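Here is what each chain is made of, one letter per residue.
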Amino acid sequence: MGEKRAVLVGINYPGTKAELKGCHNDVARMRRSLLERFGFDEPGIRVLVDDGSGPQPTGANIRRELARLVGDARPGDLLFFHYSGHGTRLPAETGQDDDTGYDECIVPCDMNLITDQDFTELVQKVPQGCLFTIVSDSCHSGGLLDKTKEQIGHSTKKNQTQHRELEERSDSGTSFRAFLKETIRDVFESQGIRLPHRGHRQSGDEDDVDQEPRYIDAADAHVKNRSLPLSTLIEMLKEKTGKDDIDVGSIRLTLFNLFGDDASPKVKKFMKVMLNKLQQGQHSQHGGVMGFMGALAQEFLKAKLEGAPDQLEPAMNQEVHSEQEVYAGTTARVPSNGVLISGCQTDQTSADATTPKGVSYGALSNAIQAILAEHGTVTNKELVLKARKMLSKQGYTQQPGLYCSDEHASVAFIC
């Protein structure tokens, strides 16, 4: 048996519009579980939380820790990543001819998003004979490992249906308007406002719910979700940059300007494609990638090309083999050594709950700890099925998912 190593990230975003309550507690409980139940050593566990002590969970720091985790791996090693925090979805960058989906992302404390393709490419680097398990207790987390076989869930099937429908539409704005309509509910729910059919029902809404054993009583908990609506992300980026002209079409440009070489590789590749198109004289009326980008953003890039080309080097240094490579919802090949346990499906939200006694937690994280306490060793598939049953009985509508190979579905969780 090789080494056991883990990276645990919990982000509460204190003092911001996006503040959560339970993410630090999720990480503390998972850390104890790794040490006491799964035989991890203290030096093998790296923790990033935004509590003001130690390295902060910025995009660059999380990417650096994950790169070290995978880069040092050897056959036989067991790798584990737990994330508790906000998730978000960016609409596809493309126009009517080639709109392919969304970028599902986790949200570091500095808003330097880490995309689904970043995770997929990371898992592709895991050596044979080494297993990398990811638990993401965040919203829209069902899509974080693109093209991985969906053992439990409906994210992939629903995405494929959506993609086919998008290709049949003739109005280039239809998909974007549908996306905005879909996220209106998230805006309300992120503020703790319940809307029918989609939000998380408080566990106390039904007195006769048969509760499963768990560490923390979820009855009467105040529930928010861990989705960061685009409107809130844009507001926070405006505060961070001091600029008021940020909109959906310039989010990736803003991220690149803020973080440069530390930005997501997906963002840098997208910027390179746009820069190449600008140099070739292609503008928004031609549709495609440039069709999603506002005129002001295009003018800004042209000014950079002419006046400060060195600031664009992080993008121009990226290897991009095809334009399709930068589109939301696309990846190169299927990662084989990864297991993703998601808090919900790609079109759902995950709950952040606080009890009247002030104890806060993520619904999935709490369910995992309760299941492990009651059953001990469980397979990945058993864990997700039991978590679904438990959360449903507690009144949550989120449906955890499992994404991995057939072989890894029946492997013991973490062991």
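- Going by what an unreviewed UniProt entry lists, the chain is known as Peptidase C14 caspase domain-containing protein and is assigned to Urochloa decumbens.

### Points about the pairing of strand β2 (residues 45–49)
Regular strands show a simple pattern: their side chains alternate between the two faces of the sheet.
Inference 1: Examined bridge by bridge, strand β1 (residues 4–10) and β2 share five bridges and lie parallel to one another. Its bridge partner lying in β2, valine 7 is registered against arginine 46.

### Section: the confidence of the model for the chain
Inference 1: Taken residue by residue, the chain gives an average pLDDT of 79. The fraction at 70 or more is 69%.
Inference 2: Across residues 94–100 the pLDDT falls below 50, and counting only partners more than four positions away or on other chains, this stretch makes 22 contacts in the model.
Inference 3: In this model residues 166–176 is a low-confidence stretch, pLDDT under 50, and it forms 12 contacts with partners more than four residues away in sequence or in other chains.

### Digging into unusual backbone geometry
Inference 1: Here the phi dihedral of tyrosine 13 falls at roughly 50 degrees; this positive angle occurs in a residue that is not glycine.
Inference 2: Among the secondary structure elements, tyrosine 13 is positioned in the loop between β1 and α1 (23–36).
Inference 3: The exposure class of tyrosine 13 is buried, given its relative accessible area of 3%.
Inference 4: A positive phi angle is found at methionine 111, which is not glycine, with a value near 70 degrees.
Inference 5: With respect to the element layout, methionine 111 can be found in the loop between β5 (102–106) and β6 (114–115).
Inference 6: Residue methionine 111 is classed as buried on the basis of its relative accessible area of 3%.

### Considering the side chain of aspartate 118
Inference 1: Here aspartate 118 shows up in helix α3 (residues 116–124).
Inference 2: In this structure aspartate 118 comes out as buried when scored by relative accessible area, which is 11%.
Inference 3: Among the polar contacts made by the side chain of aspartate 118, one reaches the main-chain amide nitrogen of threonine 115 at a distance of 2.9 Å.
Inference 4: Excluding anything up to four places from it in sequence, aspartate 118 contacts Arg63, Leu113, Ser264, Pro265 and Lys266.

### Observations concerning the sheet that holds strand β4 (residues 87–91)
Inference 1: Read across the sheet, three strands follow the order β4-β5-β6 without closing on themselves; strand pairing throughout is antiparallel. Pairing within the sheet leaves two strands with one partner each, and these edge strands are β4 and β6.
Inference 2: Across five bridges, the pairing between β4 and β5 is antiparallel. Across the sheet, residue arginine 89 finds its bridge partner in β5, namely glutamate 104.

### What about the pattern of salt bridges?
A side chain of one charge can pair with a side chain of the opposite charge if their charged atoms are brought near each other.
Inference 1: Per the counting criterion, the structure on display carries 16 salt bridges.
Inference 2: In this structure, arginine 226 and aspartate 137 form a salt bridge, with 3.4 Å as the shortest nitrogen-oxygen distance. Of this pair, arginine 226 sits in the loop between β9 (222–225) and α6 (230–241) while aspartate 137 sits in strand β7 (residues 131–137), and the two are 89 residues apart along the sequence. Taken as a pair, arginine 226 and aspartate 137 share a single burial class, namely buried.
Inference 3: The salt bridge partner of aspartate 406 is lysine 149, with a shortest N-O separation of 2.8 Å. With aspartate 406 in helix α13 (residues 406–409) and lysine 149 in the loop between β7 and β8 (150–152), this residue pair connects regions lying 257 residues apart in the sequence.
Inference 4: On the basis of relative accessible area, aspartate 406 is assigned to the partly exposed category, the value being 48%.
Inference 5: Several salt bridges share partner residues, and in doing so they unite Asp26, Asp137, Arg226 and Asp352 into one network.

Cut-off values and rules
Residues numbered from 1 in each chain as written. Predicted model: local features only at pLDDT ≥ 70, side-chain atom pairs only at ≥ 80, totals over all residues. Heavy atoms only, no water. Pairing = 2+ DSSP bridges. Helix = DSSP H or I, 4+ residues; strand = E, 2+ residues; numbered from the N terminus. pLDDT = per-residue confidence, 0-100. Contact = heavy atoms within 4.5 Å. Buried < 20%, exposed > 50% of the residue type's maximum accessible area, 1.4 Å probe, protein only. Polar contact = N/O pair within 3.5 Å; in protein donor to acceptor, adjacent residues only side chain to side chain. Salt bridge = Lys/Arg side-chain N within 4 Å of Asp/Glu carboxyl O.

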